[in-house]
Amino acid sequence: MISLKKLIPIFIIISHISYGNTFNNTSQVSNLLFSNINEKKIEINEISKTALSIEILLPKKIVLNELITFYENLGDLNKEKKIIESNIKSKGESLKLFSTLEKNKNKVVLNVTDGEELDSRESIINIFDTFKKILLRRFLNDYIKNIEDDISKVDRKQNRIIRNNPKKLEMNVGFFYKLYQKNEVKKVSLKSSLESLYEELEKIKNQYNSIK
């Protein structure tokens, strides 16, 4: 069972959606998920190094898995304890980076350094930008699946209500009339829920497809 502590970042994100604050574009989602890039000191093999750092409002396991996959697609990777060492190869050149992940309250902090004094600053910033897009796609894709699941549940519930309605109702009989009214209200509200879910689904899919 997933602990409440691990679910807190998801609750924070969902709360922005559940109370009418629908995301209108990917920049809104990005601003919620990611902080600005900052500079800080971290320890690599007990030696202090200057790193670029970003906070991410996603579960640590998701960030770690996506980061490993990302680095593996770019070159070689070696993970020792809490340090991920990666050799990125591009156009005949190689860039060696050290990355660490840590928790800061409800956020995951990703630190990346070249082991020098950030001689490769621009390259690291480009890596951050690309990795943010990967996580943004992951988040929106998971959200799309959740909406589709909700639509499926509402569909099943609505079909069950329709199926359970008596075929012949004596409209002048109080009890059955109230029952009929109750079921009709449910159907209308469920229909409204479906329409809003489909609208939300279309918006999120458009945002997902707009990421380049």
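The following refers to the structure shown.

Here is what the cut-offs are and how they apply
- Residues numbered from 1 in each chain as written.
- Predicted model: local features only at pLDDT ≥ 70, side-chain atom pairs only at ≥ 80, totals over all residues.
- Heavy atoms only, no water.
- Helix = DSSP H or I, 4+ residues; strand = E, 2+ residues; numbered from the N terminus.
- Buried < 20%, exposed > 50% of the residue type's maximum accessible area, 1.4 Å probe, protein only.
- Contact = heavy atoms within 4.5 Å.
- Areas by Shrake-Rupley, 256 points an atom, 1.4 Å probe, with all protein chains shown as cover.
- Salt bridge = Lys/Arg side-chain N within 4 Å of Asp/Glu carboxyl O.
- Phe/Tyr/Trp six-rings, centres within 6.5 Å; stacked < 30°, edge-to-face > 60°.
- Polar contact = N/O pair within 3.5 Å; in protein donor to acceptor, adjacent residues only side chain to side chain.
- Patch = residues over 30% accessible without salt bridge, like charges linked within 9 Å, V, L, I, M, F, W, Y side chains within 5 Å.
- Lys, Arg positive; Asp, Glu negative; His and termini not counted.
- Charge placed at Lys NZ, Arg CZ, Asp CG, Glu CD.

1. Details of the overall build of the protein
Right, on to step 1. Scanning the protein for helices and strands turns up 5 helices and 6 strands.
Right, on to step 2. Here the protein holds 212 residues, and the buried ones make up 36% of them.
Right, on to step 3. Put simply, of all contacts in the protein between residues at least 6 apart along the chain, 57% involve residues at least 24 apart.
Right, on to step 4. Approximately 13700 Å² of the protein is accessible, and the part contributed by carbon and sulfur atoms is 49%.

2. Quick notes on the side chain of S86
Right, on to step 1. Mapped onto the elements, S86 comes out in strand 4 (residues 83–90).
Right, on to step 2. Setting aside residues no more than four positions away along its own chain, S86 makes contact with Y71, D76, L77, L95, K96 and L97.

3. Focus on the pattern of salt bridges
Right, on to step 1. Tallied over the full model, the rule gives 7 salt bridges.
Right, on to step 2. With a closest N to O distance of 2.6 Å, E39 and R121 form a salt bridge. Of the two residues, E39 is situated in strand 1 (residues 38–44) and R121 in helix 4 (residues 121–164); the sequence distance between them amounts to 82 residues.
Right, on to step 3. The closest approach of N and O atoms between E102 and K40, which form a salt bridge, is 3.4 Å. Of this pair, E102 sits in strand 5 (residues 93–104) while K40 sits in strand 1, and the two are 62 residues apart along the sequence.
Right, on to step 4. By relative accessible area, E102 is classed as partly exposed at 31%.
Right, on to step 5. We classify K40 as partly exposed; its relative accessible area is 26%.
Right, on to step 6. Taken together, the shared-partner salt bridges in this structure form one network comprising E66, R138 and D142.

4. Here we look at unusual backbone geometry
Right, on to step 1. The backbone of K81 sits at a positive phi, close to 55°, despite the residue not being glycine.
Right, on to step 2. Structurally, K81 is set in the loop between strand 3 (75–80) and strand 4.
Right, on to step 3. A positive phi is found at K105, a non-glycine position, where the angle reads about 60°.
Right, on to step 4. Take K105: its relative accessible area is 75%, and that puts it in the exposed class.

5. Topic: the packing of aromatic side chains
Right, on to step 1. In the structure shown here, the tally under the stated rule is 3 aromatic pairs.
Right, on to step 2. Ring geometry for F139 against Y143: centres 6.3 Å apart, planes inclined by 20°, an arrangement best described as stacked. Here the residue F139 and the residue Y143 both occupy positions in helix 4, the gap between them amounting to 4 residues, near one helical turn.
Right, on to step 3. Residue Y143 is classed as buried on the basis of its relative accessible area of 8%.
Right, on to step 4. One aromatic cluster is present, built from ring pairs that chain together F70, Y71 and F131.

6. Digging into the environment of E39
Right, on to step 1. Residue classification places E39 among the partly exposed positions, given a relative accessible area of 49%.
Right, on to step 2. Separated by 12 residues in the primary sequence, E39 and A51 place their C-alpha atoms 5.8 Å from one another.
Right, on to step 3. Residues in contact with E39, not counting those within four places in the same chain, are T50, A51, L52, L118 and R121.
Right, on to step 4. In this structure the side chain of E39 is engaged in a polar contact, spanning 2.6 Å, whose partner is the side chain of R121.

7. Section: a positive patch on the surface
Right, on to step 1. A cluster of like positive charges, contributed by K60, K79, K82 and K103, occupies part of the molecular surface.
Right, on to step 2. For K82, the position within the fold is in the loop between strand 3 and strand 4.

8. Description of the side chain of T100
Right, on to step 1. With respect to the helices and strands, T100 occurs in strand 5.
Right, on to step 2. If near-sequence neighbours (up to four positions away) are discounted, T100 is found in contact with I42, I44, K82, I83, V109, L110 and N111.

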